Amino acid sequence: MNVHGRHYEKAAFARVLREAREGTGATLVLWGDPGIGKTALLEHAAATATGFTALACRGRRAEAPLAFAALHALLRPVADRIHALPAPQAAALRAALGGGGARPDRFLIGVATLTLLSELATDQPLLIAVDDAQWLDEPTAACLAFVARRLYDEPVALFLAVGHAAPAPGGPWDGGTVLEIGGLDDTAAEAVVRDAAPDADDETVRRTLRAADGNPLALREPPDSDTTPPGVGPRLRQAVAARVARLAAPTRTLLLVAAAEDRGDRRAVRDAAAALGVSEPDWQEALRSGLLHAEGDHVRFRVPLVRTVVYDHAPPAERRRAHRALADVPTGEGRAEPRAWHRAAAAEGPDDTVAAQLEDCARQARRRGGHASAVRALRRAAELSAAPHAKGRRLALAARSAWDAGQVPAARDLLDQAERCASEEVVAGISGGLRGLITHAHGDQESAHRLLLRDLRAVADRGRAVELACVAVRAAWSGGSGDRQAEALRVLEGLATDGDLPEAALLPAVEQWWDTERETSAAVPLTGEAVARLDAGDWQLLPPAPLAVARGAESALADALRTRRTELRATDTTGALVRTAPQTATLHLVRGHWAEATADATEALRVAEETGADHAAAQCRVPLAWLAALRGHEPSVTALTDRVLEHAVPRGMRDLTAAAYWIRGQTALCAGRDAEALEWLHRLTEPGHAAAHPTVALLAAPDTAEAALRTGARADARAALRTLRAWADRTGAACARAAADRTAALLTADRAEAGVLFRRALDASDTAGRPYDHARTRLLYGAWLRRNRRRTDARAQLAAAADICRRLGATPLLERVRAEQEQAGERIARPDPAPGGEPVLTPRERYVARLAAEGLTDREIAAHLLLSPRTVHRHVADVLRKFGMAARAELGRVGVDDGLGLKPP
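Notes on the structure in this doc start here. Values in this document were obtained by computation on a predicted structure and should not be read as measured data.

With that settled, consider helix H40 (residues 751-768). Taking 1.5 Å per residue as the helical rise, H40 with its 18 residues ought to reach 26 Å, and the 25 Å between its terminal C-alpha atoms agrees with that figure. In this structure, the buried residues of H40 make contact with helix H38 (714-731), helix H39 (734-747), helix H41 (771-787) and helix H42 (791-808). For H40, the N-terminal cap is Asp 750; the gap from its side-chain oxygen to the backbone nitrogen of Ala 752 is 3.0 Å. One or two steps after H40, the chain reaches Gly 769, where phi turns positive at roughly 70°.

Written as structure tokens, this is what we have:
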């Protein structure tokens, strides 16, 4: 088709194609009125994209309920290349496209599609054209949106036409270049009219131009001397409807059947239409009208608007009749789901048989990872269910699918609807305790704890019930309630024991880890072996990072998380990152691997924000804020903790709220605002306060004691010491003993005792393997030595502290050390020169390099980080260049202790 005019639009297409040839991909989103020429522009782009591989698909209203229907059409020409993908990705994509296998993770499907397209573009640039994207099935739309956000390093041009409405902000195509397609200019419009009607006189052309307002479809309608020529909007629809109305009734029936079928299957349309009395002469009339085209096994309407007008203008009874005829067409390959949907469209009231068929469609969609399509099928099945109980059951299943699709508001709404049709107990059992899981992730933790323990009794699967009990333990810990935590542990014990489940053998370790307030006279050391035992059970049994830090077992938990991360990569690409990285970031931070902590938290935050994992995003912001505090970046501390509090306070997540308060207290303490620091830190132990949390208060006790001493509140400092001493006695952890001895040394007036306590604290902090705490102990000991006129000894301690601070980048603490060094008689050069020669890596480069050092391939790293293999390859190449390395195998020889942090600890 010759596209007249459109110089601006053609230039936009040419620019995107040129950039794709140069390796920079982009997305161009077209929108405009029906008939305005979006399809013609897509065809023009494909025709002019010389040297490109072209893939195309079209959204169809009839296929909108069918999971990955459009993706199947898009990838059909390159399906033979799926087997070359990494095995987990190939399995996921095959399952999505109906090839069977285990239920795939929806993000792994996106990664597999991105990898396939990226590698296809290695041969030559790739053009993807998607018409009528507003009718794409939801799983395909989500998959292509995932791909679109990652084309910046790919020689891929993605063009989409989205109908007559502008793409909504925050929608799937957000981030692409949006191009509104308006009417043609007068010159181009006249050329279109004269192409369509070469014999038209000048007056007819002028009337057509005036009425059509540049709409190409209206311009091509033959002028009618008896009426005003068709124009845009409603007039254009009326004109098409009038043309249809002039056809014979059987021909109109044929058009309606084709519109209802909408997949272009000529055989299905022929058989269904024949059942309704359509004969060969009717076919000929339809084809002569120019409204319908047939070629080979396919039929299609002249433009999508014709299909819409034919279907929308038909009486409901005739539409149902057409769908009924299509449903009765003999079933062939791939026809079961469309047949069920045709029967649903033909139903005039409740129909349990059709509802059951749609429920089966939902099961098939879930097996392929098409959870959004499953929601749609189950909603319609519920509408067709005669009995309230059946309706409630299907709505509960739909809620679970919505949750799995990441549609949290829809999941809540569906649960509400389900509970109006069936009891809370029934809904809880069918949805797997979904109400409590949603509340834990997005609501109040006290309510989550109550709902989880209530609903697990209705869950028939004992393993699922144990999972809910484990989540209830976490909800109670997050809410800072030892009583609720103990209750959840008792329930967990009963479930695991009665069900003879593996978790039963783990219960002693579970209680040892989670019962933070249990008083014992003997020390209860928590070892790596205890963590390893927990790692054999449910994911939720592993303690959160703050508990491991409090128990001095951060290395053991890091090992367990690394194992889990490796296992999760094969089946849950996002879970492998967003579940582990917020925890490992905290563990890296405590152990002095700050660059690693930054990389983990930054990458996990990016993925969490993109996938809607709000709680994981808040968890990521905590170590980032903590790092900002220790580095002296106060604006970042404020911004990050604001976001944490915005998420945590309304939901009763006291662990996150307390962490934000502690970080703000640390920031004030580092800046010398001691009274402000003490005010923030006091809230951690204030009964009933939103920031009161026993574990965080325990971790913050050294800061509380120091702030109290610096403001003269010795009673508060002694209270903090009692907490620290009890902590050390219960756990025997080196970090606890170091904090307790250091605080006791600051409080005692006995010089000899203080000296002994400081030396014990130094030994214990060195053993604990926490560089920042060790530097802090040396600083406080050095300051004490200076005040006691032991300047030589003081300088040695302060020099060691300064060295650690410089290596970490702990600027505020380093400033305090320098001030003490000057008071001890040393001359300090300011600013301290940065270490030279060490390459600077971005957080993403560091994370990619670490995974490469673990032996992962570019494609495996890409799947883990939700990037394309080409982007990963570029990052690896940049790291090798910065370090002057010839091959990626050399990355494995770079250790953590040299400050590069590339090798896993």
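Moving on from the model shown.
In this section: the pattern of salt bridges. Once the charged atoms of two side chains with opposite charge are near each other, the side chains can pair. Summed over all chains, the structure comprises 57 salt bridges. Put simply, Arg 307 and Asp 262 hold a salt bridge, and the shortest N to O gap is 3.5 Å. Taken as a pair, Arg 307 in helix H14 (residues 304-313) and Asp 262 in the loop between helix H11 (249-261) and helix H12 (266-275) lie far apart in primary sequence, 45 residues in all. Look at Asp 262 and you get buried, because its relative accessible area is 12%. Salt bridges here are not isolated pairs; linked through shared partners, they connect Asp 674, Asp 703, Glu 706, Arg 710, Arg 776 and Arg 816.

The sheet built from 5 strands is open, its strands ordered E2-E3-E4-E1-E5 with parallel pairing. Each edge of the open sheet is held by one strand with a lone partner, namely strand E2 (53-58) and strand E5 (177-180). For this sheet, the mean inter-axis angle between neighbouring strands, taken without regard to orientation, is 15°. Helix-sheet contacts for helix H2 (residues 38-48) involve strand E1 (26-31), E2, strand E3 (126-131) and strand E4 (156-161), and the interaxial angle to E3 is about 165°. Helix H5 (residues 106-123) contacts E2, E3 and E4 of the sheet and is inclined by roughly 130° relative to E3.

Right, let's talk about a positive patch on the surface for a bit. Residues Arg 751, Arg 789, Arg 791 and Arg 795 make up a contiguous surface patch of positive charge. Its relative accessible area of 33% is what places Arg 795 among the partly exposed residues.

This part takes up the pairing of E4. Counting buried residues along E4, 6 of its 6 residues qualify, which places the element largely inside the surrounding structure. Burial along E4 is two-sided: the residues Val 156, Leu 158 and Leu 160 and Ala 157, Phe 159 and Ala 161 are all buried. Of the strand pairs in this sheet, E3 and E4 are connected by 5 bridges, and their pairing is parallel. Bridging across to E4, Ala 129 finds its partner in Phe 159. In this region the chain leaves E3, passes through helix H6 (residues 138-148) and returns to the parallel neighbour E4; the handedness of that crossover is right-handed.

Among the 6 residues of E1, 6 are classified as buried, and the element is accordingly described as predominantly covered. In E1, alternate side chains face the same way, and those of Ala 26, Leu 28 and Leu 30 on one face and Thr 27, Val 29 and Trp 31 on the other are all buried. When E1 meets E5, the two strands line up parallel, connected through 4 bridges. Each bridged residue has a counterpart across the sheet, and for Leu 28 the counterpart in E5 is Thr 177.

Definitions and cut-offs
- Residues numbered from 1 in each chain as written.
- Predicted model: local features only at pLDDT ≥ 70, side-chain atom pairs only at ≥ 80, totals over all residues.
- Heavy atoms only, no water.
- Helix = DSSP H or I, 4+ residues; strand = E, 2+ residues; numbered from the N terminus.
- Expected span 1.5 Å × (residues − 1).
- Contact = heavy atoms within 4.5 Å.
- Polar contact = N/O pair within 3.5 Å; in protein donor to acceptor, adjacent residues only side chain to side chain.
- Salt bridge = Lys/Arg side-chain N within 4 Å of Asp/Glu carboxyl O.
- Buried < 20%, exposed > 50% of the residue type's maximum accessible area, 1.4 Å probe, protein only.
- Pairing = 2+ DSSP bridges.
- Axes fitted to C-alpha atoms, helices over the stretch in contact; angles between N-to-C directions.
- Patch = residues over 30% accessible without salt bridge, like charges linked within 9 Å, V, L, I, M, F, W, Y side chains within 5 Å.
- Areas by Shrake-Rupley, 256 points an atom, 1.4 Å probe, with all protein chains shown as cover.
- Lys, Arg positive; Asp, Glu negative; His and termini not counted.
- Charge placed at Lys NZ, Arg CZ, Asp CG, Glu CD.
- Right-handed = clockwise from strand over helix to strand, strands pointing away.

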